[in-house]
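# Chain and residue survey
Residues per chain, in single letters:
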Amino acid sequence: MASKSYSNLLELASGESSSLGRISRGIPRVVTAPGIVPDLDDSDDDDNASSERSSLSLPRDRTIIVANQLPIRAQRHPENHSWSFSLDQDSLLLQLNDSMSGHADMEFVYVGCLREEIPVPEQDEVSQTLLESFRCVPVFLPGDLRSRFYHGFCKQQLWPLFHYMLPLSPDLGGRFDRSLWQAYVSVNKIFADMILEVINPDDDFVWVHDYHLMVLPTFLRKRFNKVKLGFFLHSPFPSSEIYRTLPVREELLRALLNADLIGFHTFDYARHFLSCCSRMLGLSYESKRGYIGLEYYGRTISIKILPVGIHMGQLGSVLSRPETEAKVAELTEQFNGRGQVMLLGVDDMDIFKGISLKLLAFEQLLVQHREWQGRVVLVQIANPARGRGKDVREVQAESYAMAKQINGAFGLPGYKPVILIDKPLQFYERMAYYVAAECCLVTAVRDGMNLIPYEYIVARQGNDNLDKVLGSSRASVVPKKSMLVVSEFIGCSPSLSGAIRVNPWNIDAVADAMDSALEMGEAEKHLRHEKHYRYVSSHDVGYWAKSFLQDLERTCKEHSRKRSWGIGFGLKFRVVALDLNFRKLSMEHIVSAYRRTSSRAILFDYDGTLMPQTSIYKCPNAKSIEILNTLCRDKNNLVFLVSAQSRSTLSSWFSPCENLGIAAENGYFFRLRRNAEWEACIPVADHSWKQIAEPVMKLYTETTDGSTIDNKETALVWNYEDADPDFGSCQAKELLDHLESVLVNEPVSVKSGTNIVEVKPQGVNKGLVARRLLSAMRERDLLPDFILCIGDDRSDEDMFEVIASAVPSSSLSPAAEVFACTVGRKPSKAKYYLDDTAEIVRLMQGLASVSDQTPGSQIPLGH
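The rules we used
- Residues numbered from 1 in each chain as written.
- Predicted model: local features only at pLDDT ≥ 70, side-chain atom pairs only at ≥ 80, totals over all residues.
- Heavy atoms only, no water.
- Helix = DSSP H or I, 4+ residues; strand = E, 2+ residues; numbered from the N terminus.
- Buried < 20%, exposed > 50% of the residue type's maximum accessible area, 1.4 Å probe, protein only.
- Contact = heavy atoms within 4.5 Å.
- Areas by Shrake-Rupley, 256 points an atom, 1.4 Å probe, with all protein chains shown as cover.
- 1 Å grid on protein atoms, 1.4 Å probe; cavity = no way out; pocket = protein on both sides within 12 Å on 5 of 7 lines; lining within 4 Å.
- Points joined across faces, edges and corners; volume = space filled by probe spheres on them.
- Nonpolar A, V, L, I, M, F, W, Y, C, P; charged D, E, K, R; others polar.
- pLDDT = per-residue confidence, 0-100.
- Pairing = 2+ DSSP bridges.
- Salt bridge = Lys/Arg side-chain N within 4 Å of Asp/Glu carboxyl O.
- Polar contact = N/O pair within 3.5 Å; in protein donor to acceptor, adjacent residues only side chain to side chain.
- Axes fitted to C-alpha atoms, helices over the stretch in contact; angles between N-to-C directions.
- Parallel < 35°, antiparallel > 145°, perpendicular 65-115°, else oblique.
- Left-handed = near helix turned anticlockwise from the far one by under 90°.

Tallying secondary structure elements over the protein gives 29 helices and 32 strands in all. Counting every position in the protein, which comprises 863 residues, the buried fraction comes to 55%. Here the contacts in the protein between residues at least 6 apart in sequence split such that 72% fall between residues at least 24 apart. Within the structure as shown, the protein displays about 36500 Å² of accessible surface, and the carbon and sulfur contribution to it stands at 50%.

Here the focus is empty space enclosed by the protein. To locate leftover empty space, one rolls a probe as large as a water molecule over the atoms. On inspection of all chains with the given rule, the structure shows six cavities of 30 Å³ or more. Approximately 140 Å³ is the volume attributed to the largest cavity. In this structure, the largest cavity is lined by 13 residues; those nearest its centre are Asp 260, Arg 299, Glu 558, His 559 and Ala 577. Of all the elements in the fold, those that place two or more residues in the lining of the largest cavity are β11 (299-305), β18 (562-567) and β19 (574-579). Its residues assigned to classes, the lining of the largest cavity shows two nonpolar, five polar and six charged.

What follows concerns the confidence of the model for the protein. When the pLDDT values of the protein are averaged, the result is 86; 90% of them are 70 or greater. The model gives residues 472-476 a pLDDT under 50, and that stretch makes ten contacts with residues more than four places away or in other chains.

This part is about the pairing of strand β4 (residues 106-113). Counting buried positions over the eight residues of β4 gives eight, a clear majority of the element. Taking every second residue as pointing to the same face, both faces of β4 are buried, with Met 106, Phe 108, Tyr 110 and Gly 112 on one and Glu 107, Val 109, Val 111 and Cys 113 on the other. Examined bridge by bridge, strand β1 (residues 61-69) and β4 share seven bridges and lie parallel to one another. Directly across from Arg 62, in β4, lies its bridge partner Glu 107. Note: β4 against strand β5 (residues 136-138), three bridges, orientation parallel. Across the sheet, Tyr 110 pairs through a bridge with Cys 136, a residue of β5.

Our focus in this paragraph is the pattern of salt bridges. Tallied over the entire structure, the rule returns 41 salt bridges. Residues Asp 551 and Lys 304 are paired through a salt bridge, measuring 2.8 Å at the closest nitrogen-oxygen approach. Placement of the pair is Asp 551 in helix α21 (residues 541-556) and Lys 304 in strand β11, with a sequence separation of 247 residues. Lys 304 matches Asp 551 in its accessibility class, with the two residues each being buried. The structure contains a network of salt bridges with shared partners spanning Glu 438, Arg 460, Lys 481, Glu 522 and Lys 525.

Let us now look at the sheet that holds strand β25 (residues 679-680). Ordered in space as β20-β32-β31-β30-β21-β22-β23-β24-β25, the nine strands form an open sheet in which the pairing is mixed. Looking at the sheet topology across the chains shown, the edges are occupied by β20 (583-584) and β25. As paired strands, β20 and strand β32 (residues 832-834) are joined by two bridges and run parallel to one another. Bridge pairing links Lys 584 to Tyr 833 in β32.

Turning next to the side chain of Glu 455. Within the fold, Glu 455 resides in helix α17 (residues 452-461). Only 2.9 Å separates the side chain of Glu 455 from the side chain of Tyr 434, close enough to count as a polar contact. When near neighbours in sequence (up to four residues on either side) are disregarded, Glu 455 contacts Ile 310, Leu 315, Phe 427, Arg 430, Met 431 and Tyr 434.

Moving on: the packing of α17 against helix α20 (residues 522-538). Running from N to C, α17 and α20 cross one another at 110°; their axes reach a closest spacing of 10 Å. It follows that α17 is roughly perpendicular to α20 by the angle criterion. With respect to the hand of their crossing, α17 and α20 are arranged in left-handed fashion. Seen from α17, the contacting residues are Tyr 454, Ile 457, Val 458, Arg 460 and Gln 461; seen from α20, they are His 529, Glu 530, His 532, Tyr 533, Tyr 535 and Val 536. Its residues placed into classes, the contact of α17 with α20 shows six nonpolar, three polar and two charged.

We now examine unusual backbone geometry. The phi torsion at Arg 135 lies on the positive side, around 55°, for a residue other than glycine. Among the secondary structure elements, Arg 135 is positioned in the loop between α5 (123-134) and β5.

In structure tokens:
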């Protein structure tokens, strides 16, 4: 079956074929959604029809794993110019597949690049081979584009910044280059096009990995609004102070928010991401039943915090190989046979792994603890750097110079204190070094995760054959032991509570940690090892993958319960997802209902509804006053304005409106017309509680720069709109708890809202106004056949609830037209929305133009 994705449309029509077409035909699960041409076939009806068809598809789950590199090693044979391919056993993506091989209902397909550049004439054949033999779909990039993408934007700009290196000079990371950013976006688009060739959007899950593909979610979400999409970041995510220096900061954040689930190794990384969303996009998050959720245009993006694990089966297999045992025997003879103890470091040769700092600390150990001279050896395995450039060369030169210096100062015949291994090692050789090492040192200054400590722990657990090789000191009856000195700044550190954690920049502290690890008692080493081994063996890569995919499936269940559509252009594209019954208020529909009805009730909020929330000057303009007066003069209308403002302010602002009903302070005070007396919706309360609450609010105002207190007649409001978002939110939570405790015996309620904490009499809300209005009309035998209620925030939801509950009751005419409308597309108890205050004003103006044609006296409700 040929793929129906849009890039094959012309080929299918002409009968021609391409490599992409062959790839899609090789995958047994292909696109079934109807949208062939982008942006021309994205209707909700089509999405629903597609979902119905998907119920007939195969029951087996399929996950498309997308990463910069495929888990494949390629080798070119010069004699016949052919290619041979093998699986890369070190690849996390492959380990993920192997660790879940016991799940018969799970199938994986990989999309990514090869490390080697394949000539264009050979790409079709290579694609077919990889697909048939390894279920891999290769993405081929032109050499120049790939270099600007990977070595340019990824390694010169994103990677240093995510590791806290600011481009303060051209030598420190790379200054932002717009052309490199364009290359990054282009490559992400190429990846998206390839995924479209193989995806069944109704059934398949897509799991995107790491910072190379951070804008890919936008391209996929734009094509399929309900794609099941997860993203996991394997690098650190920097604090907002660092991240906000990136010129394309919002584009990347919004792209990530087009995923359904975003995963991080540690809470710190997730916290930094959430802080950036709060500070730069104004988004808030909350925790529900243990899950962190971020609301974004009606969609809930889940945040997953779980460090990746290792492949226990693979490590066990390598430890059992004869060559591993032979290498362990060789190392044991080399070091233990000479009475020497091995400290081991395994790091990439880059600026963030802290190799030079580690060497300085080791030198300090030999200086401060002379007893270890001649007895302790630091073996530093330096893997080739993944990047390239001046900084890599400087790290290499510095490391070689320091090793030479230490060996020159402390070396003895038969004793070389630092052994620097800079050649590539086989995996079994590295495992052998783990087995032989008394302590492993992982002192990177910044690293996303780093699985070296996990591998070391498993290697030290060993097996019976290795115990025999090691001799009586590691006999099976002797408890296993391991020691770790780890940096505070690596992702695995929080999960290794038994390790000695250090600040790698503090040379003396790291030297002392090395000494403590060497001097620690055997029983203590054993207990720490057992604790670590229990965690590492139970939280392996299979556990991590299964947990992520389960959460992704849980999050995506929300898709079928909501109606979604895309808005925005380019990388600002996002999907709005709302309740199936929630829709935009049609101007023609409401005007038609307005014309044919004769007993109308109109309630509307002011701030954020008629007046933009961001306006500093809140007084209504002449145009708004004219519209309100026109509506109020209509004999069929009762118009009520409901606001949180004080009654004196509202009386002043709306003094020209004779027949306008006003409710002040969220409904506590109200009057039916300008010359009527103010009344209270509830009995006048004792406000002595203010003497308790106000000093508490003043305390928080003094300590929170940018916060203010609004002292109303019946309420106190603490506003932190102009304060630091994170600090203000933190202070608001503390203030809420503080006020609830001191006011526990007072007849008030303490509530938090958008950038506010409010104390007001119990039972006061805007719903009271709606209830009182309907009651007053019913007492005068006026059953409204048209109700329009408009608001923009949480306080207005009480009005919507009262209006909705009145529909089946005797408060309304049986054929009443009810319009509860919120401002903006967001979850609400209202059934309708309008996008902004400008649309609200146009709506009111349209209704006023109808009323102009039917002049008369106001509905008589009292004086």
